[in-house]
Each structure stands twice: as structure tokens, then as C-alpha cells.
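One-letter residues, chain by chain:
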Amino acid sequence: MNKFKEKLRGFAKPFIAIIIAFIICWLILVISGYDAPKAFGALWNSGFKNIKSFGTVLNKTSPILFTGIAVAFAFRGNVFNIGAEGQLLLGAAAATWVGTTFTSLPSYLLIPLILLSGAIAGAAFAYIPGYLKAKHGVSEVITTIMFNYIALQFIGFLVRGPFKDTSQMEPQSHPIAASGFLPYIIPGTKLHIGFVLGIVFAIIISIILFKTYFGYEVRAVGFNPMAAKTGGIAVERTMITTMLISGALAGIGGAIELAGTTHYLLEGISPGYGFTAIAVSILAANNPIGVIFSAFLFGLLSAGATSMQRAADVSASFVNIFQGVIIIFISIAAVKSVGHKKLSLKKGGN
Amino acid sequence: MSGKKVIKMQGVYKYFGNFCANENVDFDLEEGEVHGLLGENGAGKSTLMNVLYGLYTHDQGIVKINGQEVNIKSPSDSIKLGVGMVHQHFMLIPQLTVTQNIFLGMSEAGFILNIKELEQQVQEVNDKYGFNVHPDSVIWQLPVGIQQKVEILKVLLRKAKILILDEPTAVLTPSEVEELFVSVKKLAKQGYSIILITHKLDEIMAYTDRVSVLRTGKVIGTVATSETNIDELTTMMVGRDVSLERDIQEQATGAVLLEVKDLVVKSDKDVPAVKGVSFQVRAGEILGIAGVDGNGQLELGEAITGLRNIIKGTISINGSAEMTHIKPKTMLSAGLGHIPDDRQRKGLVLPFGIKENLIMGSQRSKKYNKGFFVNKKAINDHAAELIADFDIRCRGIDQPAGDLSGGNQQKVILAREVDRNPDILLAIQPTRGLDIGAIEFVRGKLKEARANGKAVLLISTDLDEIRTLSDRIAVMYNGYFSGEVSYDASLNEIGMLMAGVNKNKNAEAWEGQ
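All of these numbers come straight from a predicted model, not from anything done at the bench. Every residue gets a number counted from 1 within its own chain, in the order that chain's sequence is written. Chain A is the first chain written and ligand 1 is the first ligand written, with later ones labelled in order. Selection of residues for local features in this predicted model requires a pLDDT of at least 70, selection of side-chain atom pairs for listing and counting requires 80 or more, and totals for whole chains, interfaces and linings are taken over all residues.

## A short note on the overall build of chain A
Then comes step 1: Strands are runs of DSSP state E lasting at least 2 residues, helices are runs of H or I lasting at least 4, and numbering of each runs from the N terminus. Check the secondary structure of chain A and you find 13 helices and 0 strands.
Then comes step 2: The globule rule is 2.2 Å times the number of residues to the power 0.38, and the radius of gyration it is compared with is taken over C-alpha atoms. For 350 residues, the compact-globule formula gives about 20 Å, and the C-alpha radius of gyration of chain A, at 21 Å, lands near that figure.
Then comes step 3: Expressed along its principal axes, the backbone C-alpha trace of chain A runs to roughly 75 × 55 × 35 Å.
Then comes step 4: Burial analysis of chain A (350 residues in total) assigns 50% to the buried set.
Then comes step 5: Once local pairs closer than 6 in sequence are excluded, the contacts in chain A between residues at least 24 apart make up 78%. Whether a residue is buried, exposed or partly exposed is read from the other C-beta atoms within 10 Å of its own C-beta, which are placed from the backbone; 20 or more gives buried, 12 or fewer gives exposed, and intermediate counts give partly exposed. Working definition of a contact: two residues with C-beta atoms, positioned from the backbone, lying within 7 Å.

## Observations concerning the overall build of chain B
Then comes step 1: The number of helices and strands found in chain B is 18 helices and 21 strands.
Then comes step 2: Against the compact-globule benchmark of 24 Å for 513 residues, chain B has a radius of gyration of 25 Å, which places it among compact chains.
Then comes step 3: Taken over the C-alpha atoms alone, chain B extends approximately 70 × 60 × 45 Å along its principal axes.
Then comes step 4: The proportion of buried residues among the 513 residues of chain B is 46%.
Then comes step 5: In chain B, 68% of the contacts between residues at least 6 apart in sequence involve partners at least 24 apart.

## A look at helix α5 (residues 144-157) of chain B
Note that an α-helix has 3.6 residues per turn; residues three or four places apart therefore point the same way.
All names here are of chain B.
Then comes step 1: With 14 residues, α5 ought to run about 20 Å at 1.5 Å a step, and its terminal C-alpha atoms sit 20 Å apart, in line with that.
Then comes step 2: Among the 14 residues that make up α5, 10 are buried, leaving the element largely enclosed by the rest of the structure.
Then comes step 3: Residues of α5 that are buried include every one of Gln-148, Lys-149, Val-150, Glu-151, Ile-152, Leu-153, Lys-154, Val-155, Leu-156 and Leu-157, and no others.
Then comes step 4: Residues of α5 that are buried make contact with β6 (83-86), α3 (98-103), α4 (115-129), β7 (162-166) and α6 (174-189).
Then comes step 5: Lys-159 lies just past α5 and shows a positive phi near 65 degrees. Here the expected span of a helix is defined as 1.5 Å times the quantity of residues minus one.

## Details of the packing of helix α3 (residues 51-76) of chain A against helix α7 (residues 194-211) of chain A
Geometry of a packed helix pair, given as the angle between the helix axes and the separation of the axes.
All names here are of chain A.
Then comes step 1: Between N-to-C directions, angles span 0 to 180 degrees; the directions come from axes that are lines fitted to C-alpha atoms, helices contributing only their stretch in contact. Where α3 meets α7, the closest approach of the two axes is 8 Å, and the angle between their N-to-C directions is 15 degrees. Considering the angle they form, α3 stands roughly parallel to α7. Note on packing geometry: the crossing formed by α3 with α7 is left-handed. Along its contact with α3, which presents Leu-58, Asn-59, Thr-61, Ser-62, Leu-65, Phe-66, Ile-69, Phe-73 and Arg-76, the element α7 presents Gly-194, Phe-195, Gly-198, Phe-201, Ala-202, Ile-205 and Leu-209.
Then comes step 2: Residue polarity is assigned by list, with Asp, Glu, Lys and Arg as charged and Ala, Val, Leu, Ile, Met, Phe, Trp, Tyr, Cys and Pro as nonpolar; anything else, Gly included, falls into the polar class. The residue makeup of the contact of α3 with α7, split by class, is 10 nonpolar, 5 polar and 1 charged. Any angle that falls under 35 degrees is termed roughly parallel, while one over 145 is termed roughly antiparallel, one within 65 to 115 roughly perpendicular, and all others oblique. When the near helix sits turned anticlockwise from the far one by under a right angle, the crossing is termed left-handed; a clockwise turn instead gives a right-handed crossing.

## Observations regarding the pairing of strand β19 (residues 455-459) of chain B
Residues and elements named next belong to chain B.
Then comes step 1: Among the 5 residues of β19, 5 are classified as buried, and the element is accordingly described as predominantly covered.
Then comes step 2: Judged by which residues are buried, β19 turns out to be covered on both faces: Ala-455, Leu-457 and Ile-459 on one side and Val-456 and Leu-458 on the other are all buried.
Then comes step 3: When strand β13 (residues 285-290) meets β19, the two strands line up parallel, connected through 5 bridges. Bridge pairing in β19 places Gly-288 opposite Leu-458.
Then comes step 4: The pairing criterion for strands is at least two bridges between them, as found by DSSP. Sheet topology note: the strand β18 (residues 424-428)/β19 ladder contains 5 bridges and is parallel. In the strand pairing of β19, Ile-424 is matched with Ala-455.

## Let's talk about the sheet that holds strand β10 (residues 218-224) of chain B
Residue and element names in this part refer to chain B.
Then comes step 1: One open sheet holds the 6 strands; their spatial order is β6-β7-β8-β3-β9-β10, and the pairing between them is mixed. The two strands at the open ends of the sheet, each matched to only one other strand, are β6 and β10. Sheet twist, expressed as the mean angle between neighbouring strand axes with direction ignored, is 20 degrees.
Then comes step 2: Sheet analysis places strand β3 (residues 34-38) next to strand β9 (residues 210-215), joined by 4 bridges and oriented parallel.

## Side note on the interface of chain A and chain B
Reports often express the size of an interface as the amount of accessible area lost when the parts come together.
Then comes step 1: In this complex, chain A contributes 21 residues to the contact, which on the side of chain B involves 34 residues.
Then comes step 2: For the side of chain A that touches chain B, the secondary-structure elements that each account for two or more residues are α8 (213-223), α9 (225-230) and α13 (318-348) of chain A.
Then comes step 3: If you tally residues by element for the side of chain A that touches chain B, the top one is α8(A), at 5 residues.

## Comments concerning the nonpolar core
Most often, soluble globular proteins keep nonpolar side chains buried together rather than apart.
Then comes step 1: Ranked by size, the top nonpolar core spans 240 residues in total, and within it A:Ile69 and B:Leu458 carry the most contacts.
Then comes step 2: With 13 residues, helix α10 (residues 235-262) of chain A is the largest single contributor of residues to this core. Note on terminology: a nonpolar core is any set of buried Ala, Val, Leu, Ile, Met, Phe, Trp, Tyr and Cys residues joined through C-beta atoms within 7 Å.

## Some remarks on the confidence of the model for chain A
Then comes step 1: Scored by pLDDT, chain A comes out at a mean of 89, with 93% of its residues at no less than 70.
Then comes step 2: The pLDDT value tells you how sure the predictor is about a given residue, anywhere from 0 up to 100. Across residues 338-350 of chain A, confidence stays below pLDDT 50; counting only partners more than four residues off in sequence or on other chains, it has 15 contacts.

## Considerations on the environment of B:Asp341
Then comes step 1: Topologically, B:Asp341 is positioned in the loop between β15 (336-339) and α11 (343-347).
Then comes step 2: In contact with B:Asp341, not counting residues within four places along its chain, are B:Leu298, B:Gly301, B:Ile428 and B:Gln429.

Here it is, written out as C-alpha cells:
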């Protein structure tokens, strides 16, 4: 019973943060002279008007969901992977190569191969910062941020060079073979299986974290690497593995975006899914299951941004303010709970 | 002492939820006395003092300061009433100077600081009580003993006449303790009234005028220090007789279970900290390694557990080959149990529940796994069993280790290590900071391990501990063993070795290199 209550409380916090953020953003709109009901109405409609729009939101959610789980998993292991963006891009690039090379393969082989290639590329790209952190103490925050730029430039090179589709004006790759497209799951929508896969992966990662000895080791290293080392855990190896898994998840996110939505590689394939993931993970308190919900919220916001602009003339960037305010209130809640801890420690110890 | 009561607390109650931290407490403090507040961890000493200092508000009862009933809502109220508290954990800014720290947050210092004049003020108080603190020193460069005095200066310059010292000696060396109490006595003579919170009985006996003993939130009694003794106080504090006397029987030893040969280990500063040490520990004996802190004991312990690289020399455990490159896991699976020196940093993952901490190191064992998944039931049962066996006081198996008192945290580590049934047990400072009941418990477990034929290596700076537990005592000085003596060697003999007199051949050989 107590445990259930605790879990409920865990959900209440982000929920309250979102509601407060909502009220504040409503006020901002009103004060700035916009039609708040109309703006939020458009935002709501863009997600829930009909099954088609709902499908669009879920498709927007998929890459955020994968990068979100990737970041959450890494944060649990005290590895601050800020490089999900770059890992996602490399995953998309690898998927493009596989999808444009093995064109004669049937769907049931090509699709798994595309996802696998995304995972491998993402993991390989994450390995370097992971190795540098574990073995040489190089801050992964800095390396992963820098690696994002490397990935972005590399994609730019690919779509202008080796992958370039010369029949197109814009720099972009050839589309992948149609047998590599992710299947649509609801007729009349463009909803592909990416979202469902995302949920499956969230559950798997959650099980790994909380129900296996490997997850125990990841969390132990995350909380206190010194105690983990003293307890016989191979801290360096655990950190590298954590990074590999995180990178693989982000890479799959890239492959899914490519094979499910765009079908060809372009520079702007990610509007910052890997960065949004950090906020998504924080909102979910680094809980993979929670990431499903927070990713959906952020997916809804990014899908609704343009319709908000069309309907109420509110700049699409306004959703960034909304996201920012949510994060501020989540952070306040986090700080406050730390404060409570301190007090309760005080009363216990003498 | 004038006999004038500067503080009078009557029938004070303080609740945290349903938990009663202070129950019907009567307490008084006379002008010019040093009043000890004694009790085990969790007895309610700090809670009571935090009520007085305004960090907590009491739920019932009367608090009088200088005969006036007062209602203290915050520390700033209590400071105005002349009550100052020096906390166990220093609240100093390391980058600032002594004077800057002292006047931090004091509006009396004015908007534009006249540092020269402020330093003058600090110096005056300094001279008056013989504190010997340079007002312009930067905090991080000062030893902890001096930092402690800065904290006291802070309180004095805020014109407090009543001082609460919360476990002031927890981090001090013996000579710093001595110095601290010289100053405390001086303050008392000048009319300051001092409350000393501690669980160290020798401090109470040596430095206080009266002592109040708390147990489970209640005052058990207040007595004049000159009319009581350690045994009586212990019984009041713990609620039963406790003996820390040596009571181990001679017994035959068995095979060599741990052998260290010519070990050389570097410190964090990259200079040799252990300089060619060799020893053996046999089944059924306790080898105590004594020495003043910082003579290489810690590095030696870390090398044996695989936490620190070995530069030269070998370790052989449980009949294994002689190894130079070892990992913690190697030693763990070879049968080493390890009670680390720093329980919060090395021993426990504080946010983890007790049950998770209890499987650290065995998390991959078949016992706690069912195929791919952890065996939740086995882990829960294991935790419940050890909590009962080791009398770990907690709310349940999921309570985070960080919420436990120091003694209970140590019991969690002890339970985990003893339960793995290791052949060799390495205990480093196993009772540091624990209260007497917990000390008795921890030492009892080490004795039990010895009686069960384990090899125990005890590294401790507490000479009493070494002498009550060990069969043999090796003394470490400046990175080598300055000598090995039997447990019944005189204090004087051990003291000489600790000071590095009587260097042995090893040391000479090392220094010749």
C-alpha cells in the first residue's frame, strides 16, 4: 500500500508541474493579448481532433521516446549522455546506407537490419565518449556535446557527397527501398510501428534497470561509483556498457525516424530530438516508463506548434516556453524534495 | 559557577509525526558550567539542542533563558538571546579568510567592510581566550582543529553567552581535542555556559562539570561529573551493563590465510605510502595494525582490497598464488570480507534500500537471481533475516541506507560482509564515530569471526580497540612496520613504536634506496 502511494506521489509531481506550467503559459498568452483558449484549443486539436492527427502525434513522439529512454538510462548510471542527438543522426545515416544498399531484401529482413544498423551506429558513436570517461576521466558532457556537431557535419557531408540524390535540388539522400519502410499500423493514418517499438523498449529497459543484476550494477555505479567499486563491481566496464546501450537506443530512434517518417536522409532530419530527450527524461525522473508519457507530451507540443501559430497567430516557438516552464517547475520540485531529505536526516542522526 | 540558571527547560516534548524524539525533558544549565549531554546516536540530544537553537519548535513544555520564558522561532531569535551553536559539520566558506567567514551575514560589520578593524576585533577575542587563530588565514589552508575554533569565534563575536557544541571532537586529532578543551575551560571560567553534546565518555569525565544522560528521547538523569563514573554513565546511556574490556581467550591459530610480501603502494599524492611491508595473518587470530592516522595504514588496506594499485610486492589470500595486480572482485571471490574505513563513501550506496545494500558484491550470485531476473523474494528474505540477526533499527527493508544512523549503517555493512562467510575479514576503523552500544556490537562480531577460525586484520587508530581485540599488534610508522608486539605490550612500548622510535631493518633498507 505504501509503495503504491509512493509511486502515486512520483506521478503527482510532474503532473502538478505541468498544470502550473499550463496556467502560467495561459497567463502569458492572455497578458500578451493572444486568444489563449483558441491557441490551446488548436494545440489540443492537433493531437486529438481525429485518429489521423493522433497518429501524427505518436509519430512525432517515437524518436523522442527512444532518445528519452536513452538519456534516462544513461543518467541512471551517472553517465550524462548529452549526445543522443548525434547518436540518433548516425543511426539514421546507417539506416539510410542499409536501406539504399540491400534493396532486394524482403521487409522482414530489411526492417530488422535497418533497426540493427541504427543501434550499432549509435552505440559505436557513443562508445568513444564512454571509453574516454571510464578510462581517462574525460567529462562525457563535453565530449558528447562536441560529438553532436561531428555527427551533424558528417550528415551534411553524406547528403552532399556519397549519399546525394542528384535528381533533387536540396541536399538529401536517395529514398530507402520501399520494403524497408516501417509498416503503418492503423489504416487511414501514417502511424508506423515506431511508437509501439518505443513502448516495448521502454518496458525492456525498465526491466533491465530494476529487475536484473546488471541494472543493479548500473544504478549502484550511478549513485556511488566508489562504493560500487569497493563492492566488486567493474565500474569502468559498467559505465562503457551503459553508454553503449544508451547510444544504441538513440541510434534506433534515428533509424525509426528515417524508415518510418522521412524515408530519406536529410540534414534537418532531427529538430533536436536528442536535446528534447534531456527535458523528457528529467520530467520523467529518469524512469523509462515515465518517459513514455513525457515523450508523448513533448510530441504533442511539437506536433501542435504550427497549428497553434495558424489558429491564434502564436509563434510556434511558444511551445519552447511551455517546455521550459515545465522543466523549471520540475526542477523546483526536485530541489524541494532534496531539502526535505536533509531535514529528515537531521532528525535521525545526532 | 554561580548557581544561576541560564537555561531551564521543563517538560519539553518534540514529535516528528508519530515519533516522539523528546519526551517530557527537563534540562537546566548553570552559568559558567560545562554541561555534558550524553546519549547514543538517535537518543534525541541534537533534537533537544535544535529546539533550543530555534531550528525546531517544541510541541509542549517551557523553555526559559535567564529566567524569562521564551519562544524561539529561528536561530536568529536564539542568537539575540545569547545562544550560539557550533555544528558538527562546519559551515565555513573555504576560499574566504577567517575574518571574512566570521563576519559573513553580520550586519554589524557594515556595508563597506573595514577589514583591518574587523581583524582587530577577531584578534582581541582571540587573545582573550588563547585561540591562536590568524584572522587573515584562508580557511582551506587551516587544519580542522583551527577551523573548529573559527566556528567558536563566530559564535563568540555574535555575543553569545551560551554555547552549544555538537560533537565538536568528531573530526579532531587527540592533541586538537586537548587544545579545544583548554579553550572551552577558559570560556567557562569567564562566565560562558557551555553545553557539550557527545557520546564519548572520556570527554565527559575529563571536561564537564555536570552531565545529563538521554536515552530514547527521555532524560535518564543529571549528575555531577565528580560523583559518577564511566560504568554508571554507560549503564544510564545504554540501559544495560556494557563492557569494552578485553575478554578474548587464547586459542591456537591455523593456516596462513593472508600473506603480504614486500608491499609498496603509493598515496594519492603519488609518493610511496607503504614502503615494503610484509606480514601474515593466520586462521583464528586478529592482527591489529596500529599507528597514527596517515602513516600508510589506509593505503595498505586499500591495496589489500584491490582498490589501490600495488607498485611492488605481492599478496596471497586463502592459499592463492602471489598476486600483484588485483581487483576488488578477485579478493571478494577469494574469500575476503571488507569493512571499509568510510562507510558512506565506500561501504554503502546511500540512496539504495537496505536490502539492495545487503546484496552488494553478491548481486550476481545464483542465490539472488532466477535466470535473467533478480530473485526478489530471496533478496527480501535475506534482508529481513539479517535485519533481525544484526538488530538493524530501521523502518523496513526498503529504507534508504542514507536515512540510518551511523551505527545502523555500520551494522548493514557488517551484516553483509559477515553473512558472505569470508575466511579473511579486513576491518578498517570499524567503530569510528559509533556510540558505545554499537561499538560493543561491532567488536563482538570481530571476536566471533576469530572464534570461528577466520583470519581478521584490524586496522585502527584507536589504540584501545587494537589492544582489546588483537592477538598480535603491528605498529605502522611512515609507511613501514616499526615493530610487532604482543597484545599485552605496554602502552609506552606501543607509543614509542608509533612515534617511529626503534626502526626495524625494513625501514633502514628502504631509506637506503
